[in-house]
Each structure stands twice: as structure tokens, then as C-alpha cells.
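Residue-level structural notes
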Amino acid sequence: MLSILAAGSVFFPGLFLLSKKCLKSIPGLRWNEGDAVIVSARLVSSIQAIMASTAGYIISSSCQDIIEDQHWLTCSYILFAVPYFVYDIYAMFLCYWHKLQVKGHEVDNGSRSKAVAVAGYLRREFLMVLHHVVMVTACFPISVFWRQGKGDYFQGVMFLAELSTPSVCLGKILIQYKQQHTLLHKVNGAVMLITFFLCRVLLFPYLYYVYGRYASIPFYRVPFVVPWQCNLGAGLLMAPQLYWFSLICRGALRLFTGRSSHSRKPTAPVKPEYEGHEGMPQSANGYSTQMGGRDTPTMSH
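Glancing now at the overall build of the protein. Helix and strand content of the protein: eleven helices and zero strands. Starting at the N terminus and ending at the C terminus, the protein contains elements arranged as α-α-α-α-α-α-α-α-α-α-α. Expressed as a percentage of contacts within the protein between residues at least 6 apart in sequence, the contacts between residues at least 24 apart total 75%. Looking at the protein as shown, the accessible area adds up to about 15,300 Å², and 67% of this sits on carbon and sulfur atoms.

Put into C-alpha cells, the structure is as follows:
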């Protein structure tokens with residue numbers, strides 16, 4: 001167990017540092033620190049998502065009995081991925097920190113400045129940070145110990161929720177470099193909307209449906225049959241997904257109806273920058289908090 005945790009603790013930060021170094025040193029790229037940090041964080045998130053989705057497919061397709069069948073990869077990948085959520089909290093802060101260091105938002109390296117930045121980061125990214133903390137402090141012990149080897153199929157299907165993450169990360173990068181006018185951004189936005197809905201919003205209704213078939217009971221009776229802890233956990237995990245999906249839908253509406261000013265191709269090359277609309281820094285999770293005086297999201301998660 002400790003060796004797998006140690007492997008994850010080395011792999012994800014190591015991959016981030018390697019990616020950042022390559023982006024800063026490869027001839028033809030040589031990106032600055034801020035660009036390299038932000039893109040590297042997205043890259044690591046995408047790789048973790050691909051690994052989790054692959055593990056989820058292997059597990060769920062290998063379990064014939066959705067309650068009793070076990071697969072060695074289930075607990076192994078959970079242990080390997082736990083350090084990712086700890087690392088990602090820090091990586092998101094680094095992204096936020098570098099986004100502050102643009103014109104009009106310069107910061108120094110003093111302890112007071114960093115303390116202010118941490119406070120601002122926690123306010124802006126409270127839901128995402130809370131999600132990561134819950135994954136480590138609650139979902140990890142529940143998945144590894146409380147289940148007692150039952151329901152590996154359900155755990156595998158839950159891994160498949162990460163299928164939406166690569167398109168989310170690509171959307172953030174395209175927004176970062178003002179590419180909202182491109183066909184790639186529109187296609188990626190459609191893919192993100194579909195995968196997020198299928199893999200995250202419909203996730204728990206699907207698991208309830210599968211259990212209903214297994215237990216030969218109607219779908220509507222499943223919440224009254226399963227332990228209350230399952231209903232509570234499903235509700236707590238699904239609530240932020242519904243919130244984020246509503247933001248994605250609002251962003252998609254602006255994107256495909258042409259109501260966003262960034263949907264028009266710029267007339268002159270624009271230097272990549274980290275500002276959101278109205279000169280305000282963009283949220284580290286890819287949402288812009290200012291659009292014509294209203295809080296509306298961009299097509300990103």
C-alpha cells in the first residue's frame with residue numbers, strides 16, 4: 001500500500017516538473033514560467049484522467065457480478081491516484097499565482113503577498129478545493145476500507161467519469177490563448193458538453209439503474225433499498241457536478257449563439273495572457289467571473 005502511494009506521490013509532481021522543464025527548454029517553444037506551469041498542470045490532469053478511465057474500463061468490463069467480483073486494479077489505482085488530488089491543489093494554486101502576475105495584477109514574492117494570494121485562491125476555488133479534500137479524506141478510506149472488497153464494478157464505472165477531463169483541460173488552454181473563435185474550440189466544447197453529461201451527470205442515475213436490475217427491483221425503489229450512506233455520498237458527489245454542468249451549458253449557449261465577444265476572430269495577433277474578461281484574472285478552474293457585469297462561465301470546467 002505504501003509503495004503505491006509513494007509511486008503516485010513521485011509520478012504526478014515529477015510529470016508536472018518534467019513537462020514544465022520541457023516546455024521552457026525545447027527549441028521552438030521556450031515558454032515562460034507562467035505558460036509552462038499552466039499548460040503542464042492541464043497536461044498532468046489529462047494524463048491522470050486517461051489513466052483513470054482506462055482503469056475504470058478494465059475493472060467494469062471484468063466484473064460479471066457487480067457486487068461480489070473483485071479486480072486487483074481497483075484499490076491499486078485508488079492508492080496511486082490519491083497523491084494526485086493533493087498535488088493538484090498546489091498545482092491549481094500555482095496557476096492562480098501566475099495568472100495574478102500580469103499587467104495590472106503584479107504581485108511580489110513576499111509572505112504577505114502570498115498569504116493574500118492563498119486567501120483569494122481559496123475563495124475563488126473553494127468548491128474545487130473542497131472536492132479534492134473530500135476525495136482524499138472521505139472517498140479514499142470509503143473506497144479502500146469501508147467497501148470491504150464489494151462493488152468493484154461501481155468503482156470502475158466511477159473512474160470513467162474522468163473521460164470528460166481531457167476536453168475540459170483543452171478548453172482551458174484554448175481560452176488561455178484566446179482561441180475561442182476557432183473550430184477546434186467549438187468542437188471541443190461540444191465534446192465536453194456531451195462527455196460531462198454522460199460521464200458525470202448521468203453517472204449515479206446509471207449506477208442506481210444497474211443495481212436495480214441486479215436486485216430485480218424498480219429503479220425508483222433503489223434509493224429506499226441501498227444503505228443511507230450510499231444515498232448521502234451520491235448526493236454530495238453529484239451536487240457539484242450539476243453546478244459545473246449548469247455553468248458549462250451557459251457557456252455553450254454563448255458559444256454557439258455567438259453572444260460572446262470572444263467568439264469573433266481577433267483582427268490582430270494577440271499575445272497570450274492570463275486575464276479574464278474586463279481585465280479581471282480568470283479563475284484557476286477555467287471559468288471567467290466577469291461577462292458584461294454578470295457572473296457567467298466560459299466554455300471550460
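So much for the structure itself; the text now carries on.
A separate point is the confidence of the model for the protein. For the protein, mean pLDDT is 82; residues scoring 70 or higher make up 82% of the total. Taken together, the stretch residues 260–301 has pLDDT below 50 and engages in 123 contacts with residues farther than four places along the chain or on a different chain.

Take helix 8 (residues 183–201) next. For helix 8, spanning 19 residues, the distance from its first C-alpha to its last is 26 Å, which sits close to the expected 27 Å at 1.5 Å a residue. Turning to helix 8, its buried residues number three or more, namely His-185, Asn-188, Gly-189, Met-192, Thr-195, Phe-196, Cys-199, Arg-200 and Val-201.

The next thing to look at is the environment of Met-135. Residue placement: Met-135 occurs in helix 5 (residues 126–146). Each C-alpha atom of the pair Met-135 and Leu-237 lies 9.5 Å from the other, and the pair is 102 residues apart in sequence. In this view, Met-135 contacts Phe-85 and Phe-140; residues no more than four positions away in its chain are not counted.

For helix 2 (residues 33–62), built from 30 residues, the straight-helix expectation of 44 Å at 1.5 Å per residue is met to within 8% by its first-to-last C-alpha distance of 43 Å. Taking the backbone nitrogen of Gly-34 as reference, a side-chain oxygen 3.2 Å away marks Asn-32 as the first, capping residue of helix 2.

Moving on, we come to the packing of helix 3 (residues 72–100) against helix 5. Close contact between helix 3 and helix 5 brings their axes to 10 Å; oriented N to C, the two are set at 165°. When the axes of helix 3 and helix 5 are compared, the pair comes out roughly antiparallel. Every pair of crossing elements has a handedness; the one defined by helix 3 and helix 5 is left-handed. Facing Cys-75, Ile-78, Leu-79, Val-82, Phe-85, Val-86, Asp-88, Ile-89 and Met-92 of helix 3, the residues of helix 5 in contact are Met-128, Val-129, His-132, Val-133, Met-135, Val-136, Phe-140, Ser-143 and Val-144.

Moving on, we get to the nonpolar core. For soluble globular proteins, the rule of thumb is that nonpolar side chains tend to be buried together. Judged by nonpolar contacts, the single largest core of 60 residues is most densely connected at Phe-16, Val-44, Tyr-77, Tyr-87 and Tyr-153. For this core, the element with the highest residue contribution is helix 3, accounting for 18 residues. Each residue touching Tyr-87, except ones within four places of it in the same chain, is listed here: Phe-12, Pro-13, Phe-16, Ala-41 and Val-44.

The next subject is the side chain of Gln-48. Along the chain, Gln-48 falls in helix 2. For Gln-48, a relative accessible area of 2% puts it in the buried group.

The N-to-C vectors of helix 2 and helix 3 enclose an angle of 160°; their axes lie 10 Å apart at closest approach. In terms of orientation, helix 2 and helix 3 fall into the roughly antiparallel class. In terms of crossing hand, the pair formed by helix 2 and helix 3 is left-handed.

Glancing now at the pattern of salt bridges. Scanning the entire structure with this criterion turns up five salt bridges. Close ionic contact of Lys-20 with Glu-33 constitutes a salt bridge, the shortest N to O distance being 3.2 Å. Of this pair, Lys-20 sits in helix 1 (residues 2–25) while Glu-33 sits in helix 2; the two residues are 13 residues apart in sequence, bridging distant segments of the chain. Judged by its relative accessible area of 17%, Lys-20 falls in the buried class. A salt bridge links Glu-33 to Lys-24; its shortest N-O distance comes to 2.4 Å. Take Lys-24: its relative accessible area is 36%, and that puts it in the partly exposed class. Members of the salt-bridge network, linked through shared partners, are Lys-20, Lys-24 and Glu-33.

Reading the values: rules and limits
- Once a new chain begins, its residue numbering starts again from 1 and follows that chain's sequence as written.
- Restriction of local features to residues with pLDDT of at least 70 applies here, the model being predicted, together with a cutoff of 80 or more for giving and counting side-chain atom pairs; totals for whole chains, interfaces and linings are based on all residues.
- Side-chain measures here rest on the full set of heavy atoms in the structure, leaving out hydrogens and waters.
- Secondary structure elements follow DSSP: runs of H or I no shorter than four residues count as helices, runs of E no shorter than two count as strands, and numbering proceeds from the N terminus.
- Contacts are residue-level and defined by heavy atoms, with any inter-residue pair within 4.5 Å sufficient.
- Working definition of accessibility: Shrake-Rupley area with a 1.4 Å probe, residue cover restricted to the visible protein chains.
- On a range of 0 to 100, pLDDT expresses the predictor's confidence in each residue.
- Helices are assigned an expected span. That span is 1.5 Å times one less than the residue count.
- Only protein chains enter the area calculation, which uses a 1.4 Å probe; residues under 20% of their type maximum are buried, those over 50% are exposed, and those in between are partly exposed.
- Under this definition, polar contacts are N or O atom pairs within 3.5 Å; protein pairs additionally need one hydrogen-donor-capable and one acceptor-capable atom, and for neighbouring residues in sequence, both atoms have to be side-chain atoms.
- Each axis is a line fitted through C-alpha atoms, taken for helices only over the stretch in contact, and angles between the N-to-C directions span 0 to 180 degrees.
- Geometric relationships in this document are graded by angle, where less than 35 degrees denotes roughly parallel, more than 145 denotes roughly antiparallel, 65 to 115 denotes roughly perpendicular, and other angles denote oblique.
- Each helix crossing is assigned a hand: it is left-handed if the near helix lies turned anticlockwise from the far helix by less than a right angle, otherwise right-handed if that turn is clockwise.
- What makes a nonpolar core is a set of buried Ala, Val, Leu, Ile, Met, Phe, Trp, Tyr and Cys residues whose side-chain atoms join them at distances within 4.5 Å.
- Any Lys or Arg side-chain nitrogen located within 4 Å of an Asp or Glu carboxyl oxygen qualifies as a salt bridge.

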